[in-house]
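# Residue-level structural notes
So the chains spell out like this:
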Amino acid sequence: MDDKPATAEGYPGEQVALVRSTCLYVATKLGDLIDDLVVVGGLVPSLLVDLLSDDAAVDALAVLRRDFLARNAVGPRRVAEFLVGEADDAIQADTVGHVRALLSALGQGRAAGPVSD
């Protein structure tokens, strides 16, 4: 069995462009569901950069800043409850760290600093 490349660099540019285009299309269609979605890694930061001027993207970034930058905020609590059925300090702190990293990658916030309550 052939091993698949672990990153986009291992694929032809045309295939990467097609995947990127498809992901961008799906992301725009899911915009109305932003309050019910959790997005994790991969192409997401690069796709969101293209959408930063879109009203839905502006709203989504506001939700991240409002609901996900403190460990005991509603966003990290919901992530922990989804994953393990109850609040969990470690999961909630990790969630805040991931959201800070995403916002930083998008030029929308800082990645460093302690996780607050």
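Above this text sits the structure in question.
Throughout what follows, the structure given in this document is the object of discussion. Computed from a predicted model, the values in this text were never measured in an experiment.

The next subject is the packing of helix 4 (residues 74-84) against helix 5 (residues 89-105). Where helix 4 contacts helix 5, the two axes come as close as 8 Å, and the packing angle between them is 125 degrees. Put simply, helix 4 runs oblique to helix 5. Helix-helix and strand crossings are classified by hand; for helix 4 and helix 5 the assignment is right-handed. Between helix 4, through P76, R77, V79, A80, L83 and V84, and helix 5, the contact on the second element is made entirely by I91, Q92, T95 and V96. A class-by-class count of the residues in the contact of helix 4 with helix 5 yields seven nonpolar, two polar and one charged.

When the terminal C-alpha atoms of helix 3 (residues 55-67) are compared, their 18 Å separation across 13 residues agrees well with the 18 Å that a helix rising 1.5 Å per residue should span. Within the span of helix 3, buried status applies to A57, A60, L61, V63, L64 and D67. The buried residues of helix 3 occupy an angular sector of 155 degrees when projected down its axis, which confines them to one face. Away from the buried face of helix 3 by more than 90 degrees, exposed residues D55 and R66 are located.

Quick notes on the rules
- Residues numbered from 1 in each chain as written.
- Predicted model: local features only at pLDDT ≥ 70, side-chain atom pairs only at ≥ 80, totals over all residues.
- Heavy atoms only, no water.
- Axes fitted to C-alpha atoms, helices over the stretch in contact; angles between N-to-C directions.
- Helix = DSSP H or I, 4+ residues; strand = E, 2+ residues; numbered from the N terminus.
- Parallel < 35°, antiparallel > 145°, perpendicular 65-115°, else oblique.
- Left-handed = near helix turned anticlockwise from the far one by under 90°.
- Contact = heavy atoms within 4.5 Å.
- Nonpolar A, V, L, I, M, F, W, Y, C, P; charged D, E, K, R; others polar.
- Expected span 1.5 Å × (residues − 1).
- Buried < 20%, exposed > 50% of the residue type's maximum accessible area, 1.4 Å probe, protein only.
- Arc of directions from axis to C-beta.

Read these as spatial facts, not as claims about activity.
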